[in-house]
Structures are given as C-alpha cells and as structure tokens.
Amino acid sequence: MLKIGCHLSVSKGFLPMGKDAVKIGANTMQFFTRNPRGSKAKDIDPEDISAFLEFCKENGISHFLAHAPYTLNPCSANPETRVFAKETMGDDLKRLELLGGCMYNFHPGSHTGQGAKTGIEQIVDMLNSILTKEQSTVVLLETMAGKGSEIGRSFEELKAIIDKVELKDKIGVCLDTCHIHDGGYDIVNDLDGVIQEFDKVIGLSYLKAIHLNDSMNPLGAHKDRHEKIGKGYIGLDAFEQIINHPALCNLPFYLETPNELPGYAEEIEKLQKLFTF
Ligand code: FE
Ligand code: FE
Ligand code: ZN
C-alpha cells in the first residue's frame, strides 16, 4: 500500500479530520498548525487529540505532517517578521508534542533583497534557537519553486541550511514535485538523475516526505501553481514513476492539488492502483 493522503482542514477538530481521511481512502494527512495566514492558534483539546490518535491507530493512519503557516518568513529583512516566525514556530513545535512523533514542514522563506547567504544564516539561527533534543517532531524544509527571493529553490540552498543545523536528527526535507519541476529539476524525463542529484547534494537520508502536485507551468517556470494529478506539465506517467521509484516508494505522499474531498478521493484511488510494490 502506498502511504498517501492530502492536505485536510483541522478547523472542526482533529477527530473530524481523521474521519475525513478515512472517507477519502487516505492513510496519512497534512494539516495547517493554525490559520495559513498565521494568526493565533486555537487551543488544542486534549480529549480530541486522544480520540483522534485512537481513531488513527484503528484505521491505519500515520505519518502526520503539520504545515507551518505559509506567511512565516524567518529570513525577512524586517527583524519583527523574523521574531514572529521564530515565536510562532517555537509555539507550534511545543503544541505538536501533544501528537508526538510528527513531521513539521515549513517554507524556508524569502530573503527580501538581503541575498541568499544572509537569508540562509537567519534560517539557521532560527532553527538552532528553537530545535530541542527532547522534541519528537522532525522539522522539514520544503523545496521551493523559486518565486521572487525564495530560499530553497535548489538542493544546494537546502544543503547549506542543513549543514549548519546543530541537531541533525531533527531536520529533514519535504520534496514538492510541483516546486522542484518549477525550479528546473526535470522529474518528467530524468527522474533518476534528479534523485541522484538530491542524494549527491543533500543525501537521501534527509528526504522524509513528498508533496505530490502537478504543475500548471512548464519546467523551470518558478511560478508555484499546483495542478490536479495528471492534468499539468508533469503528467500521470511521471507520477507513476515517482510513487514506484525504489528511493521514494516507502515515503509518505501528500496531495496539495486543487481539489475538494471527492477529487482527492479519486486521485488517491488512481495512485493507489498505479502503485506496484
Ligand atoms: Fe508548502
Ligand atoms: Fe508543498
Ligand atoms: Zn506550492
């Protein structure tokens, strides 16, 4: 069985989200830790969490991936924005301990004119100040499409961050297929080459999760517009290769395609049928 789910809403609570996952045939899921625009987090209800964990265990759901609000920018030129990102992520990591053993994905940020080198230093500073030996959550840097001044447009930029993170067992990478295709990595015609490149530059042991999205734009477009699976420039054949690749097939996959629940259910069923392991 492929480990596959999608981005789900947790606004009605954790248990209702778990039930949504079962409804669409998912065995994993991603959710925002708070409003994606980064407002105050709702208090977590411990009873809801324990009912959710129990429900997930009964239904074979695992590998929860929390996504940081996408407005956080740990490498903004504005110091207040950087402090806000650090405090919000620190708070998210504390709250995630209630779930235990999650992954927490974030966009490394945009250097807003300071240059990639300074941006990378600021991201590293933040990570080294919030990661703790005791935490059970692994924090993932997401590969980015390279819009504007985004950091994480290349494997080299992610490697430069990881190199300076002190707690190496608390850090990993989430590879977004739309983003790396937009970033110029040709996963359609040279998937093996891209995976070898990832291994050479970062190391496959850091790859913990895949965001499975088609792209509305051609290779190298740096646009970041997700498309439904098989309907964009990546195409269904490439997704069949990706989910069945020996270096990737055991990872959890998360859809972030433009769908409501029935559309996600269809994509999950389609991909599960294409999975040959
Ligand atoms: Fe993301
Ligand atoms: Fe993504
Ligand atoms: Zn995206």
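In short, a report on the structure. Here the structure is a predicted model, which is why all the values come from computation and not from measurement.

### Let's talk about the coordination of the iron ion (ligand 2)
Here's step 1: Here the iron ion (ligand 2) is held by the protein donor atoms E142 (OE), D176 (OD), H211 (ND1) and E256 (OE), which lie 2.0 to 2.2 Å from it.
Here's step 2: Each donor residue of the iron ion (ligand 2) lies on one chain, and together they are spaced E-x33-D-x34-H-x44-E.
Here's step 3: Between the two metal centres, the iron ion (ligand 2) and the iron ion (ligand 1), the spacing is 3.3 Å, with E142 acting as a shared donor. Separated by 45 residues along the polypeptide, H211 in strand β7 (residues 207–212) and E256 in the loop between β10 (253–255) and α9 (261–274) bring together distant segments of the chain.
Here's step 4: Residue E256 is classed as buried on the basis of its relative accessible area, which comes to 14%.

### Details of the packing of aromatic side chains
Within a pair of aromatic rings, the relevant descriptors are the distance that separates the centres and the angle that separates the planes.
Here's step 1: On inspection of all chains with the given rule, the structure shows six aromatic pairs.
Here's step 2: Aromatic side chains F14 and F31 sit 5.3 Å apart centroid to centroid with 85° between the ring planes, which places their arrangement in the edge-to-face category. Here the residue F14 occupies a position in helix α1 (residues 14–23), and F31 occupies one in strand β2 (residues 28–32), the gap between them amounting to 17 residues.
Here's step 3: For F14, a relative accessible area of 9% corresponds to the buried category.
Here's step 4: By relative accessible area, which is 1% here, F31 ends up buried.
Here's step 5: Seen in terms of ring centroids, F52 and F64 are 5.0 Å apart; in terms of plane orientation they differ by 40°. Their pairing is tilted. With F52 in helix α2 (residues 46–58) and F64 in the loop between α2 and β3 (65–67), this residue pair connects regions lying 12 residues apart in the sequence.
Here's step 6: What makes F52 buried here is its relative accessible area of 0%.
Here's step 7: Given a relative accessible area of 9%, F64 falls into the buried group.
Here's step 8: A network of ring pairs unites the aromatic residues F14, F31, F52 and F64 as a single cluster.

### Some thoughts on the environment of I130
Here's step 1: Inspection of the secondary structure puts I130 in helix α4 (residues 116–130).
Here's step 2: In this structure I130 comes out as buried when scored by relative accessible area, which is 14%.
Here's step 3: Separated by 13 residues in sequence, I130 and T143 have C-alpha atoms that sit 21 Å apart.
Here's step 4: The residues touching I130, leaving out its near neighbours within four places in the chain, are K86, M89, G90, L93 and Q135.

### Examining unusual backbone geometry
Here's step 1: Of note in the backbone geometry, H63 takes a positive phi value of approximately 60° without being a glycine.
Here's step 2: Locating H63 in the fold gives a position in the loop between α2 and β3.
Here's step 3: Non-glycine residue D224 carries a positive phi angle of around 65°.
Here's step 4: One can find D224 in the loop between β8 (214–215) and β9 (226–227).

### Quick word on the pattern of salt bridges
Here's step 1: Counted under the stated rule, the structure contains nine salt bridges.
Here's step 2: For D91, the salt bridge identified is with R34, shortest N-O distance 3.0 Å. Here D91 is found in helix α3 (residues 79–96), whereas its partner R34 is found in the loop between β2 and α2, with 57 residues between them in sequence.
Here's step 3: Relative accessible area serves as the criterion here: at 32%, D91 is assigned to the partly exposed category.

Procedures and definitions
Residues numbered from 1 in each chain as written. Chains lettered and ligands numbered in written order. Predicted model: local features only at pLDDT ≥ 70, side-chain atom pairs only at ≥ 80, totals over all residues. Heavy atoms only, no water. Donors = N, O, S within 2.8 Å, 3.2 Å for Na, K, Ca; no water. Helix = DSSP H or I, 4+ residues; strand = E, 2+ residues; numbered from the N terminus. Buried < 20%, exposed > 50% of the residue type's maximum accessible area, 1.4 Å probe, protein only. Phe/Tyr/Trp six-rings, centres within 6.5 Å; stacked < 30°, edge-to-face > 60°. Contact = heavy atoms within 4.5 Å. Salt bridge = Lys/Arg side-chain N within 4 Å of Asp/Glu carboxyl O.

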